[in-house]
Amino acid sequence: MGEGLLTTEVKAVLEEIVAKCFYNNRMLDRIVSILSVKFVMPVTGDIIHHRLAHLYPNIADLVSDYMAERNCTTIYNETPAGNQDYDSPLDCFNYMLELNLDLENIVKRAIKVSHDEGDYTTTVFLDSFLRRLIPITDDMLLLVDKATMYGNSNLSWMKYDNDIEDFYRREEY
């Protein structure tokens, strides 16, 4: 058996989701720094910081809170140094999208594990959690698509930074 009402396998995959959320937070915090300083896109950096990077620890809390409701503790993995670099803002946005799609895939695998373990309560919880990721992925696709359309010049990135508040409207998830 596992801990509380969760099997060892379900507990492990839920903790993997929590770890990925904190990993994504760390990577996006670094992207914010790169966008704000290296690419001189402070408005874009601020939006990504407050609306997306901060979102990941909050959704990790949904999982750890659920685990507590099932009388199970959560182990928190270490996060790596945020020291990556990027050649363009588009590279930043593509990596953000990749990170969120990776999280979606972990959640899908967790749904399968919980279903296979006969833990339908966790399956239902994870289905709802996956649905919360859809608008996040949608927004990251928008950031990538807009960046592609704006082009890859310093002037186009300044225009993107100037316009982002007009096309990126979602405040909460």
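Cut-offs and rules
- Residues numbered from 1 in each chain as written.
- Predicted model: local features only at pLDDT ≥ 70, side-chain atom pairs only at ≥ 80, totals over all residues.
- Heavy atoms only, no water.
- Helix = DSSP H or I, 4+ residues; strand = E, 2+ residues; numbered from the N terminus.
- Polar contact = N/O pair within 3.5 Å; in protein donor to acceptor, adjacent residues only side chain to side chain.
- Buried < 20%, exposed > 50% of the residue type's maximum accessible area, 1.4 Å probe, protein only.
- Contact = heavy atoms within 4.5 Å.
- Disulfide = S-S within 2.5 Å.
- Phe/Tyr/Trp six-rings, centres within 6.5 Å; stacked < 30°, edge-to-face > 60°.
- Axes fitted to C-alpha atoms, helices over the stretch in contact; angles between N-to-C directions.
- Parallel < 35°, antiparallel > 145°, perpendicular 65-115°, else oblique.
- Nonpolar A, V, L, I, M, F, W, Y, C, P; charged D, E, K, R; others polar.

1. Description of the side chain of Q84
Considering the arrangement of structural elements, one finds Q84 in the loop between α3 (55-69) and α4 (89-116). Within the structure, the side chain of Q84 is placed 3.1 Å from the side chain of Y86, a separation counted as a polar contact.

2. Quick word on the side chain of N100
The topology assignment puts N100 in helix α4. Since its relative accessible area comes to 0%, N100 is described here as buried. A distance of 2.5 Å separates polar atoms of two side chains, one belonging to N100 and the other to Y56. Engagement of the side chain of N100 in a polar contact is seen with the side chain of T137, the distance being 2.7 Å. Apart from residues no more than four positions distant in its own chain, N100 is found in contact with N24, Y56, L133, I136, T137 and M140.

3. Structural notes on the state of the cysteines
Should the sulfur atoms of two cysteines be covalently bonded, the bond is a disulfide. Per the stated rule, a full pass over the model turns up zero disulfides. Free of any disulfide, C72 has its nearest neighbouring cysteine sulfur in C21, separated by 16 Å.

4. Overview of the packing of aromatic side chains
A full pass over the atoms with the stated rule returns nine aromatic pairs. Plain terms: the ring middles of Y66 and F125 are 4.2 Å apart, the flat faces sit at 5 degrees to each other, and that makes the pair stacked. With a gap of 59 residues between them, Y66 in helix α3 and F125 in helix α5 (residues 120-150) connect regions that are remote in the sequence. Feature note: the residues F93, Y150, W157, Y160 and F167 constitute an aromatic cluster, connected by ring pairs.

5. Re the packing of helix α2 (residues 42-53) against α3
At a minimum axis distance of 6 Å, the contact between α2 and α3 shows a crossing angle of 0 degrees. The angle between the axes of α2 and α3 places the two elements in the roughly parallel class. In this structure, α2 contributes R51, L52 and A53 to the contact, and α3 contributes L55, Y56 and P57. Of the residues belonging to the contact of α2 with α3, the class tally is five nonpolar, no polar and one charged.

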